[in-house]
Amino acid sequence: MCERTKVSEAGGVQMPDQRGRFGDYGGRYVPETLTRALEELAREYDQARADQAFQSELQLLLRDYVGRPSPLYHARRLSAQCGGAQIWLKREDLNHTGSHKINNTLGQTLLALRMGKTRVIAETGAGQHGVATATACARFGLPCVVYMGAEDIRRQAPNVFSMRLLGAEVRPVNSGSRTLRDAVNEAMRDWMASVENTHYILGSVVGPHPFPRIVRDFQSVIGRETMRQCREQLGRLPDLVVACVGGGSNAAGMFHPFVAETDVPLVGVEAGGRSAGTGDHAAPLNYGCPGILHGSLSYVMQDADGQTSDVHSVSAGLDYPGVGPEHSYWKDTGRVTYSVCRDDEALAAFDALAHCEGILAALESSHAVSQAMRLAATRPADQAIVVCLSGRGDKDAAEIARLREGRTHT
Amino acid sequence: MSAIDQLFQQRRAAGRKAFLPFLTAGDPDLEFTQAVVRELAQRGCDICELGIPYSDPIADGPVIQASYTRALEHHVQLDDILRHIQAITPTLAMPLVTMVTYSIIYRQGLDDYVSRAKAAGIAGAIVPDLPVEEAAPLATICRREDFSLIQLVTPTTPTERALRIADSSTGFLYYVTVTGITGERAALPPAIVDDVAKLRESTHLPICVGFGISRPEQVRLLAPVADGLIVGSAIVRRIAAAADRPRAEVLQDVGSYVSELIAALRAAE
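Calculation rules
- Residues numbered from 1 in each chain as written.
- Chains lettered and ligands numbered in written order.
- Predicted model: local features only at pLDDT ≥ 70, side-chain atom pairs only at ≥ 80, totals over all residues.
- Heavy atoms only, no water.
- Helix = DSSP H or I, 4+ residues; strand = E, 2+ residues; numbered from the N terminus.
- Rg over C-alpha atoms; globule rule 2.2 N^0.38 Å.
- Buried < 20%, exposed > 50% of the residue type's maximum accessible area, 1.4 Å probe, protein only.
- Contact = heavy atoms within 4.5 Å.
- Areas by Shrake-Rupley, 256 points an atom, 1.4 Å probe, with all protein chains shown as cover.
- Lys, Arg positive; Asp, Glu negative; His and termini not counted.
- Charge placed at Lys NZ, Arg CZ, Asp CG, Glu CD.
- 1 Å grid on protein atoms, 1.4 Å probe; cavity = no way out; pocket = protein on both sides within 12 Å on 5 of 7 lines; lining within 4 Å.
- Points joined across faces, edges and corners; volume = space filled by probe spheres on them.
- Nonpolar A, V, L, I, M, F, W, Y, C, P; charged D, E, K, R; others polar.
- Salt bridge = Lys/Arg side-chain N within 4 Å of Asp/Glu carboxyl O.
- Pairing = 2+ DSSP bridges.
- Buried area = accessible area lost by both parts, 1.4 Å probe.
- Polar contact = N/O pair within 3.5 Å; in protein donor to acceptor, adjacent residues only side chain to side chain.

Engineer: Requested: an account of the overall build of chain A, with residues and values cited.
Structural biologist: A count of helical and extended segments in chain A gives 16 helices and 14 strands. On C-alpha atoms alone, chain A measures out to a radius of gyration of 20 Å, which is about the 22 Å that the 2.2 N^0.38 rule sets for 410 residues. If you line up chain A on its principal axes, its C-alpha atoms span 55 × 55 × 45 Å. Taken over 410 residues, chain A has a buried fraction of 65%. Look at the contacts in chain A between residues 6 or more apart in sequence, and 75% of them connect residues 24 or more apart. Total accessible area on chain A is roughly 14000 Å²; 51% of this is exposed by carbon and sulfur atoms. Here chain A carries 43 positive and 47 negative side-chain charges, and the mean point of each set is 3 Å from the other.

If you want it as structure tokens, here you go:
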């Protein structure tokens, strides 16, 4: 752990500022080659935000193509099993392509078209962002290349197949840890050479400014819908909101509209992996220090020299040494509490939700479910906990079977 | 005035161009890095760029990436690198600068990094992921410490921005030939000669050109418009052979390669 002075929340100030800062965090630490494209993207996004036609097109796509609003579902049997507060699931798993990632990829694809880009690249960990990017590109007729770590290709095979069926080219990344972090490196290198005609659809609230802001804004539909649905279905805001945090896009989208509602506690859940030892988890907000990775300043797992540490999570989508800069800001201001959930706890929550509710959750989202179950047990039955169920678990079935197989043999 | 400023002042006065080789510190080990640096100085190289290995280099192509990976697999650490540099700089006629990610500088602390690098006899830093908007904190320290902060201009940089970058750089300006990552290229973009010439008219700062350069004809093409030429991947690729060839042979190979390029540079002066 590193020493950090508590910073106070800048009330009413727009986050991020013009330079892409959330307090100290964020910024734009990239090679000069990319700065013009990032400036163009920031400018174009500002215009698109104010453009009624752009917003209407996106709204219509979210409704008729994605199937929004996604339901807020009362998990009664799961709540009863926990014996405390009521657990409500924000069903992002029911979106087209099976996760929240499509909210962002449609928005960014529309931006790419506005900028006249003719090719799209993306990185992916669990493959959910890759599938969502491939889908948006198919919908708009753009060629798409997805970089994916070789280890993730192995453990998320169904998504690789889907991306190829959708016409995307999946390029395996064999450098480094062969996971999400290396896929981001490779996508950035592609972009260094292709920046004139290519848009890079980053999948999380990480990377250089303006990506953390753009991805958060496109994902904020999750939180806005949740607030409205809570008012309709509960008659009030929830007592607690929980979301898993890898790079942190579903959590940022869920939390951002709630940040101003200071009576609602927000809990992010990082991947606790096997243990709290370095290399055994992927929880920079809990165990890391501020540093620079992939173009922004945020909490990161690094050694004393500044080399990125290896991380581990059973869930490919959380297996990342960094985290979005706004989460670092929320951590330091105390607005969001960040906890950890181990691999085995996430797997147990996966089982519980499957057995009690008939829902196969993504292993990523199972981390949030696990934490919600633990917190529900300590709270009275008239309280409501909302969990962002960010994705569905079909993609994980084979990997979970393999892990179980391994366990029976050892 | 840093050692880099002095060097270019002398070279410009004499109508000479500079040759700047790049190699990765600790590939395959720091003793060999010391030997190669000495060899490069003896061959008449002007400034040596030493790459500090980093786990996630996004501006580098496969050859330099692989050299960083090899060095890190042997657990080379910043302390060791600086100690081995410090051991050779007092008797080295050629100034050294590091190519180092801001991730490493930030982690060490800006002041701390600059003072440790200076103590090791290093004259400056090229920080490939620190654009001009983010550079002020480090630039302030570097000016105070007379430590060159060499910034980069690329084909995607608009002219007005290039001048702003030149204003905040010291030592020299690093002109990147291509929109892309490091690595040898058969052909360079045809506009590069004019682009460098144009920029050189608008700044007093020396301009060194790098990325993609590996052949004598490329040296001859660029030498007339630049103050210096930078060659990296072609040297790193030769050093990589040290894994399964006698080191004396590799040293000889690297040495005669840079001699060939320096001869092309002299012919173009």
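Engineer: Talk me through the layout of surface pockets; I want residue IDs and the actual numbers.
Structural biologist: It is the rolling of a water-molecule-sized probe over the atoms that shows where space remains empty. Of the pockets and cavities examined, the largest pocket occupies roughly 550 Å³. Looking at the lining of the largest pocket, the elements with two or more residues in it are helix H8 (180–194) of chain A together with helix H3 (62–73) of chain B. Of the residues belonging to the lining of the largest pocket, the class tally is seven nonpolar, twelve polar and seven charged. If you go around the second largest pocket, you meet 14 residues; those closest to its centre are Gln18, Arg19, Arg28, Ala42 and His209 of chain A. The element best represented in the lining of the second largest pocket is helix H1 (residues 32–50) of chain A, accounting for four residues.

Engineer: Kindly report on the pattern of salt bridges, identifying the contributing residues and their values.
Structural biologist: A side chain of one charge can pair with a side chain of the opposite charge when the charged atoms of the two come close. Residue and element names in this part refer to chain A. A full pass over the atoms with the stated rule returns 59 salt bridges over all chains. Close ionic contact of Arg171 with Asp190 constitutes a salt bridge, the shortest N to O distance being 3.7 Å. Of this pair, Arg171 sits in strand S7 (residues 169–173) while Asp190 sits in helix H8; the two residues are 19 residues apart in sequence, bridging distant segments of the chain. Residue Arg171 is classed as partly exposed on the basis of its relative accessible area, which comes to 29%.

Engineer: Tell me about the pairing of strand S4 (residues 86–91) of chain A, and please be specific about residues and values.
Structural biologist: Residue and element names in this part refer to chain A. Burial of S4 is extensive: five of the six residues sit out of reach of the surface. Where strand S3 (residues 72–74) lies against S4, three bridges are found, and the strand directions are antiparallel. If you follow His74 over to S4, its bridge partner there is Trp88. Bridge count for S4 against strand S14 (residues 384–389) is six bridges, and the pairing is parallel. Bridge pairing links Ile87 to Ile385 in S14.

Engineer: Which residues make up the interface of chain A and chain B, and what values go with them?
Structural biologist: Listed by partner, the interface residues are 35 residues for chain A and 36 residues for chain B. Buried surface at the junction of chain A and chain B, summed over both partners, amounts to about 3000 Å²; 48% is from carbon and sulfur atoms. For the chain A face of the interface with chain B, the top three residues by lost area are Glu32, Arg189 and Asp305 of chain A, together amounting to 24%. Applying the counting criterion to the chain A and chain B interface returns five salt bridges. A salt bridge links Arg21 of chain A to Glu134 of chain B; its shortest N-O distance comes to 2.5 Å. Between chain A and chain B we count 25 residue pairs in polar contact (both at pLDDT 80 or more) in total. Contributing elements (two or more residues each) for the side of chain A that touches chain B: H1, H8 and strand S11 (289–293) of chain A. The greatest single-element share of the side of chain A that touches chain B, amounting to seven residues, is contributed by H8 of chain A.

Honestly, it's all geometry; don't read function into it.
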